[in-house]
Amino acid sequence: MDPQVTTASAVRGQALEQPLTAPLTPFVDALPVPRRLISAEHQGQLTVRIQTAMHRFHRDLPESRIWGYDGTVPGTTIEAERGKPVIVEWRNELEGLLPVVETVASKHADGDGVPVQCLPGLSGGTPDPRAGALSGHTVVHLHGGLTPASYDGWAENLFAPGQPAIFHYPMNQRAALLWYHDHVMGATKFDVYAGLAGLWIIRDDGERQLGLPEGPPFEVPLLIQDRNFNLDDRGRLTGQLVHKTDPDVMEAFAPFTVVNGKVWPILEVRRATYRFRVINGSNARTYRLVLLRDGDAELERATQIGTDHGLLTAPVNLPSDGLVLASAERADLLIDFSDLEPASELMLLNTASAPFDGAAFPAARALEAANLEGLLPFPQVMRFRVIPSPAAVRIIPTVLASDYVPPPLEALADAPRRAIALVERELEGQVNMLTMRELRIVENDDTGPLVTVTNGERITRYRAVAAHFEDVTTFFPMLGEFEVWQLINLTGDTHPIHIHLDPFQILARHPMRYQIPDGGIEDLDITASVVIGRDPNDELSHQIDDNERGLKDTIRVNPNEIVEIAVRFTTYSGRYMYHCHILEHEDRDMMRPFVTMAPELMPFMA
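Here's a quick rundown of the structure. (Residues numbered from 1 in each chain as written. Predicted model: local features only at pLDDT ≥ 70, side-chain atom pairs only at ≥ 80, totals over all residues. Heavy atoms only, no water.)

1. Focus on the nonpolar core
Selection rule: Think of a nonpolar core as a cluster: buried Ala, Val, Leu, Ile, Met, Phe, Trp, Tyr and Cys residues, connected wherever their side-chain atoms sit within 4.5 Å. Three labels apply to residues, based on accessible area from a 1.4 Å probe with only protein chains included: buried if under 20% of the type maximum, exposed if over 50%, partly exposed otherwise in between. Strands here mean DSSP runs of E at least two residues long; helices mean DSSP runs of H or I at least four residues long; both are numbered from the N terminus.
Counting 128 residues, the largest nonpolar core has W90, W200, F276, F384 and W485 as its most contacted members. Residue contributions to this core peak at five residues, all from strand β20 (residues 287-293).

Shown next as structure tokens:
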């Protein structure tokens, strides 16, 4: 297989600047569209087989061994109707061991100074025999589903090959794009990387009345992920999946962007408006998506109409730098190709470096986004090519939804407030430990390790009461009652925090500065001083984007930031969890349980 892309890939008269030669040709594979499994056609009774299979990620790659729902990457797209329950029999038919080589390279960069995560192969790393011995235990989480606790995919309720599991999904929720993926304790990063992810779309009549595209060809799901592959003794790509980290970066940021299971695919589109249901399904990578034509950004060609839990109240423009999606975030987009001549081409690029810290990058400079230091050697995502067809103009409704409003201030005034500190603890000779420290307010005369939060003249003192997943449960939200959760980021990276069960709404992004003394982060205790107000070196805007004002289940928490969200659980009592959706963080203990409770039960809780 010969490299076919030079340092500058042609982009209609302008060049995409890349510091490395891409070992695969972009935009030669047609974008696959996953098979649809429509629940109504099966009386709500579905069977999904979890299988070992072979998959070709690119025309010039050998087939890769994968784990997939129904043996495909992505899995079958399940479509359900609001209010019509779905029963899924998940059949674990996985055979053999994990089809992913896990390795930690011995150095961050090779002899030429190129970070090893920008390169294929093991980069001198040794395959981890513990990961290589994983034999296919799994559990399925319907991400975004309003699901009884027993069917939520609790990370420890795994089932082995040969053991079926029957899950009940009520579907009593608004139309939205959800996704289902593996959620096994400590190994989610491997199982999802191996291919265990699929899309789930809920429909309802209210959305249909808007006349939005539904189904092929004008509604297209896009599951965006990043992947890496091994090399043989002659330096040729083998197709074998490689999950590679390094001594400086604990997350896997693979160099090749994969959309619906293909590296850098192309989609032929008619002169019409298309609806793209977009999911960031990567383990760790954040994307900032920019649409280019003839090298110029055309963000105005796209309109966002929905987010994690369905339609926004009104259409919004994309942020001026591009659409930011952290792991597990979704976007419902309309892109208008109706005014373009046949043979016109547009390219979707990613301008977000990794690990992502919220830093801006102008859309006008998208062709310069490649950045080895930022672990972004190849910014390409996919290409669109317009084919001959009559032009069809679609009018976008100005009002999309009216079934939710911002939480009323009076309901939030006396709402319980919960504070969670996002913490990274360095360990000697081990991978860093990521935790979410649940904080409890203490009296002013309390001594010992404390987190103090200063907001003007008001000082609030907290003590950490839980840090690890197996620590005692401290969150018991009451059904039907609003709560305000504060997510305090005491790390240098952006964390996408996902809360299971009901969606939430963002209230504020507060800039803050903090200090942690030497030795201030212990196994449970933490000592930190937090001051609300901008750090002099902080260049982030800390603004809430218009497309974040819908119903969310995953929210980005940037460095030097406290994010406040309004949370209200309405339906099911039981044990759930919240966690960082960077899978390497989640598996390294950045996950905590909570129990939703009916109010009348609380007097009887010990």
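2. Quick word on the pairing of strand β35 (residues 528-532)
We apply this condition: Two strands qualify as a pair provided DSSP detects at least 2 bridges between them.
Note: strand β30 (residues 451-455) against β35, four bridges, orientation parallel. Across the sheet, residue T452 finds its bridge partner in β35, namely S529. Bridge count for strand β34 (residues 504-515) against β35 is four bridges, and the pairing is antiparallel. Residue pairing in the sheet places R513 in a bridge with V531 of β35.

3. Some thoughts on the sheet that holds β35
Stated precisely, the cut-off is as follows: Angular values range over 0 to 180 degrees, each being the angle between N-to-C directions of two axes fitted as lines to C-alpha atoms, with helices fitted over their stretch in contact.
Pairing within the closed barrel is mixed, and its eight strands lie in the order β28-β29-β31-β30-β35-β34-β37-β32. Pairs of neighbouring strands in the sheet enclose a mean axial angle of 35°, with direction left out of account.

4. Quick look at the sheet that holds strand β23 (residues 310-317)
With mixed pairing, seven strands are arranged side by side in an open sheet as β17-β16-β13-β19-β25-β22-β23. In this open sheet, the two edge strands, each paired with only one partner strand, are β17 (262-263) and β23. Sheet topology places strand β22 (residues 302-307) next to β23; four bridges connect them, and they run antiparallel. Residue pairing in the sheet places G306 in a bridge with L311 of β23.

5. Remarks on the packing of aromatic side chains
Keep this limit in mind: Working definition: a ring pair exists when centres of Phe, Tyr or Trp rings (six-membered ring for Trp) sit within 6.5 Å. Plane angles under 30 degrees give stacked, over 60 give edge-to-face, the rest tilted. Comment: the charge-over-ring label is applied if NZ (Lys) or CZ (Arg) is within 6 Å of the ring centre and within 35 degrees of the ring normal.
Under the definition given, this model contains 27 aromatic pairs. With 5.8 Å between their ring centres and 50° between their planes, Y151 and F167 make a pair best called tilted. In this pair, Y151 sits in the loop between β9 (140-143) and β10 (164-169) while F167 sits in strand β10, placing the two residues 16 residues apart along the sequence. When its relative accessible area of 23% is taken as the criterion, Y151 is described as partly exposed. Taken together, a centroid distance of 6.1 Å and an interplanar angle of 15° make the contact between F256 and F378 stacked. Here the residue F256 occupies a position in strand β16 (residues 256-259), and F378 occupies one in the loop between β26 (345-350) and β27 (380-386), the gap between them amounting to 122 residues. The two residues F256 and F378 agree in class, both being buried. One aromatic cluster in this structure is built from Y69, W90, Y151, F167, Y169, Y180 and W200. Geometry around F190 places K189 over its ring, the cationic atom sitting 4.6 Å from the centre. The side chain of R227 reaches across the aromatic face of Y193, ending 4.3 Å from its centre.

6. A look at the environment of D336
Quick reminder of the rule: Whether two residues are in contact is decided by their heavy atoms, any of which lying within 4.5 Å being enough. For this analysis, a polar contact is any N or O atom pair within 3.5 Å, provided that within protein one partner can donate a hydrogen and the other can accept it, and provided that sequence-adjacent residues contribute only side-chain to side-chain pairs.
Secondary-structure assignment places D336 in strand β25 (residues 330-336). Of the residues examined, D336 reaches a relative accessible area of 27% and is grouped as partly exposed. Linking D336 and G162, residues 174 residues apart in sequence, is a C-alpha distance of 47 Å. For D336, the contacting residues outside a window of four places in its chain are A272, T273 and R301. At 2.6 Å, the side chain of D336 forms a polar contact with the side chain of S338.

7. Description of the side chain of H468
Its location among the elements puts H468 in the loop between β31 (458-466) and β32 (482-489). When residues no more than four places from it in sequence are discounted, the contact partners of H468 are T435, D523, D589, M591 and R592.

8. Digging into the pattern of salt bridges
Going by this rule: Salt bridge, as used here: a side-chain nitrogen of Lys or Arg that lies within 4 Å of a carboxyl oxygen of Asp or Glu.
In the structure shown here, the tally under the stated rule is 42 salt bridges. Across the salt bridge formed by R275 and D332, the nearest N and O atoms sit 2.7 Å from each other. Of this pair, R275 sits in strand β19 (residues 273-280) while D332 sits in strand β25, and the two are 57 residues apart along the sequence. Note on D332: relative accessible area 4%, which makes it buried. Residues D446 and R463 are paired through a salt bridge, measuring 2.3 Å at the closest nitrogen-oxygen approach. Taken together, the positions of D446 in the loop between β29 (433-441) and β30 and R463 in strand β31 put the pair 17 residues apart, joining distant regions of the chain. Among the residues examined, D446 registers a relative accessible area of 27% and is labelled partly exposed. One continuous salt-bridge network, built from bridges that share partners, spans R36, E79, E81, R203, D205, E207, R208, E214, E219, R275, R277 and D332.

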